[in-house]
Amino acid sequence: MNGPASRPPGTSLSASGSHTGTSLGEFPWSLSASELEDRATSNLQRAETELSELLHRPGARTVENFLEPLDRILLRVRDIASHGHFTFAVHSDEGCRTAGREASEAAERFFNGFRVNDDAYRALGSLVLEGADEPTRFCVAKMLREMRRSGVEKDAASRARLLELNNEIDRVANQYAENIAKLERTIEVSGTNDLAGLPPDFLATHLPGADGTIRITTRYPDFHPVMAYAQQPELRRRLLSEFMNRAYPENLPVLDQLLAQRYELATSLGYPAYSAYAIEDKMMERPEAVRTFLDRVANVLRQPATADLARFLARKREDEPSAERLELWDSSLFGEGYYDGKLRAEEFGVDTKLLRAYLPYGQVRDGLFALCEELFGVHFHRLPSDGLWHPSVEAYDVTLGNAPLGRFFLDLVPREGKFSHAACFGIRDGILGLRLPQSALVCNFLDATGPAESARMQYSDVITFFHEFGHLLHALFSGHGRWLYTTMSFIEWDFVEAPSQLFEEWARNPATLARFARNPDTGETIPADLLERLRAAEALGRSVRWLRQVALAAISLELYDRPPAGLDSTETFREVWARYFTHPLEPEYHPSMAWGHLTGYSAFYYTYVWSLVIARDLLRPFLEKGTLTDPETAARYAREILTPGSTRPASELVQAYLGREFDFVAFERWIREGLELSRPRPRATA
Ligand SMILES: [Zn+2]
């Protein structure tokens, strides 16, 4: 999922929930940059006016005469934020992208101002809640807490300073992210010989220039293949060094400023540090609880990770008998993992390039839809794409039984200026009786040169597709509550990856994968033994990958836990890293300068590990039934986890679904199972 902005995205200005027509004309994709700007400005002004009128209305405040109109005003502003954010991500015109980003920043400033508006706070606090249902009470409690956390109870001068700080933090965080996106570095190699091991399609797009040299950049399409396949360790070493420094020194003062401002914000509000502030409204609640959790997971992972790393080192010594250690550019600690890949190919006979034959996009998508129909009883109705932001975009309406559930878009083909990773964007939050939810998957899976339906997918992209679709299902099912603050967007951010990490399992499970992985040229279904080897190869290095996530989680916590005066973020990174791995970070590396999650997730990067432990437990009822397609378990999952959104604390949802508190049993079993599956095998012949 897209890392959380200070407010997660979701938009569109239409209040229509109608699914009767097929017109998608409500999306103003044809607007110019200045029209986008005007529209955002006038909508924000309207929201300001309406808020002021609402606050000046005399009489007792009730859910009907106050909360409901307030929610609609905030929904209007949120639409500006989400729509701007989405325009910035997908629009093909640079001017429109800038207008989108500026609109979303203006909407964030409105929210920052609202949160320290003491008139609004008093009015909300005086709301008559007699007879109100639980979600409504929970919604109001969350709004009040958010305002207190912004300093609304402070005196006017302090509130002004806090508002200024929050606006500055948004601006500096955007600058940090923009530097990472914009800055790239290159290395030059003297000819194709230096690129030994890289696949032919990479060589075809990296031809020598007039002087005979070849340029390699730190962008993902160059970085990942080089780290995975380049035989020359020197090439991997050089590129990793540039990659680690790609936003250095530019982001050094920016990150220092961000850490200092967030520390000031948290301490002015009475917290010991920003970590305590950021974690307070999450499932975990306290940094100490995060530390205990990370220690516990590290204890599970350390020994198996050490064993896997020793195995990679042994394989390295076959190439370099005198090698004393595994370097960062040899392993999957940063990058794809050269020796992990070697063992996957040699011991498990898994060549990810060969899997592509079974994975044409149209077939994968239809297989995914069929699984969702069987699991959840939903149906997908394709809509015409005219009038959307790009002709390659697919649009669908979803129904559950005969009732409309929502609409979504698939934008999967890369193009210039488009968001370059994979994420599920909320386009608009669904509100009961008012409008249906809309989301979009913005990914870059498909080769733009041929017809998308038959374009072959990387297996790892199929897993990402399912991951993002897990977020999408969550958004569709949960978008039918009464309030903006009880939609999925306002759920605890350390729970948000659980439904998506869970849904990946349907792409990993041999039985469900075999339903759609079929070679259309030969009609052959993916062979069972290949599926079995794939599963084993995937398990190789599992504990190393997750110990790395634990290390990063501990680093993000530490950076936001310490006073910023004299804090050297690079040194802190190195110091905490060394608690988990003996692989030294080279002295010239500056990884904290180009780590996008330090803005969005700030101190709670632990989200990935925490959500994973929950996701493994959520999977357990399916595994106990012996099938991932048990309809009764799927229905309970949809009812207890997906549909409630954030109408209740996430821990209560998990408890309702499992019938108990979640625990570590499933996670520990999964780590042990990974070791068992990936045990050394006799080498396949070359
Ligand atoms: Zn995600």
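Residues numbered from 1 in each chain as written. Predicted model: local features only at pLDDT ≥ 70, side-chain atom pairs only at ≥ 80, totals over all residues.

## Brief notes about the overall build of the protein
Along the backbone of the protein there are 27 helices and 7 strands. Here the protein has a C-alpha radius of gyration of 25 Å; the compact-globule value for 686 residues is 26 Å, and the two agree. The 686 residues of the protein split such that 45% are buried. Restricting to contacts in the protein with at least 6 residues of sequence separation, those with at least 24 account for 74%. (Helix = DSSP H or I, 4+ residues; strand = E, 2+ residues; numbered from the N terminus. Rg over C-alpha atoms; globule rule 2.2 N^0.38 Å. Buried ≥ 20, exposed ≤ 12 C-beta atoms within 10 Å, placed from the backbone. Contact = placed C-beta atoms within 7 Å.)

## A look at the domain arrangement of the protein
The domain boundaries assigned to the protein delineate domain 1 (33–115 + 117–153), domain 2 (184–244) and domain 3 (356–541 + 608–677). Here domain 2 and domain 3 have C-alpha centroids that lie 34 Å from each other. (Domains from an automatic or database assignment.)

## Points about unusual backbone geometry
A cis amide bond links Y248 to the next residue, P249, at an omega of 10°. Mapped onto the fold, P249 is located in the loop between helix 9 (233–244) and helix 10 (251–268). In this structure, E285 takes a positive phi of about 70° despite not being glycine. Among the residues examined, E285 registers 14 C-beta atoms within 10 Å and is labelled partly exposed. Even without being glycine, S602 reaches a positive phi, approximately 40°. Of note, S602 is situated in the loop between helix 23 (597–600) and helix 24 (607–625). Looking at S602, the number of C-beta atoms within 10 Å reads 25, which means it is buried.

## Description of the confidence of the model for the protein
Reading predicted coordinates in detail is not appropriate for stretches of low pLDDT. For the protein, mean pLDDT is 91; residues scoring 70 or higher make up 95% of the total. With pLDDT under 50 throughout, residues 1–25 is counted as low confidence; its partners more than four residues away or in other chains account for 73 contacts. (pLDDT = per-residue confidence, 0-100.)

## What about the sheet that holds strand 3 (residues 378–383)?
In spatial order, the strands read 3-4-5-7-6; together these 5 strands make up an open sheet with mixed pairing. Edge positions in the open sheet fall to strand 3 and strand 6 (423–428), since each of these has one partner strand only. Between one strand axis and the next, the sheet turns by 25° as a mean value, whatever way the strands run. Bridging between strand 4 (residues 394–400) and strand 5 (residues 403–411) involves 7 bridges; their strand directions are antiparallel. Looking across to strand 5, one finds that E394 is bridged to L410. Strand contacts of helix 2 (residues 63–90): strand 5, strand 6 and strand 7 (438–442), with the helix running at about 135° to strand 6, the strand carrying the most contacts. (Pairing = 2+ DSSP bridges. Axes fitted to C-alpha atoms, helices over the stretch in contact; angles between N-to-C directions.)

## Thoughts on the nonpolar core
Ranked by internal contacts, the top residues of the largest apolar core, which has 194 residues, are V550, A553, Y606 and I614. Take this core: its biggest share by element is 14 residues, from helix 2. Beyond its immediate stretch of four places on either side in the chain, V550 contacts L294, V297, A298, L301, Y580 and V609. (Core = buried A, V, L, I, M, F, W, Y, C linked by C-beta atoms within 7 Å.)

## Details of the environment of I491
Positionally, I491 belongs in the loop between helix 16 (459–478) and helix 17 (498–503). Taking the C-alpha atoms as reference, I491 lies 43 Å from E524; in sequence the two are 33 residues apart. Apart from the residues lying within four places of it in its own chain, the contact partners of I491 are V496, G645, S646 and A650.

## Thoughts on helix 24
Over its 19 residues, helix 24 runs 28 Å from end to end, which matches the ideal 27 Å to within 8%, given 1.5 Å per residue. When the local axis directions of helix 24 are compared, the greatest deviation, roughly 30°, occurs at L619, which is followed within four positions by the proline P621. A positive phi of about 85° marks G626, the residue just after helix 24. (Expected span 1.5 Å × (residues − 1). Bend = angle between axes of the 7 residues up to and from the residue.)

## What about the pairing of strand 6?
Among the 6 residues in strand 6, 5 count as buried, and that is most of the element. The pairing of strand 6 with strand 7 spans 5 bridges and is antiparallel. Looking at strand 7, one finds that G426 is bridged to S439.

## Section: the packing of helix 8 (residues 220–229) against helix 9
Where helix 8 meets helix 9, the closest approach of the two axes is 9 Å, and the angle between their N-to-C directions is 145°. The handedness of the crossing between helix 8 and helix 9 comes out as left-handed. Of helix 9, the residues touching helix 8 (which contributes F223, V226 and M227) are L235, R236, L239, L240 and F243. Of the residues in the contact of helix 8 with helix 9, the class split is 7 nonpolar, no polar and 1 charged. (Left-handed = near helix turned anticlockwise from the far one by under 90°. Nonpolar A, V, L, I, M, F, W, Y, C, P; charged D, E, K, R; others polar.)

## Quick notes on the pairing of strand 7
A large share of strand 7 lies buried, amounting to 5 of its 5 residues. Here 5 bridges tie strand 5 to strand 7, and the two strands are oriented parallel to one another. From the neighbouring strand, L410 faces strand 7, where its bridge partner is L441.

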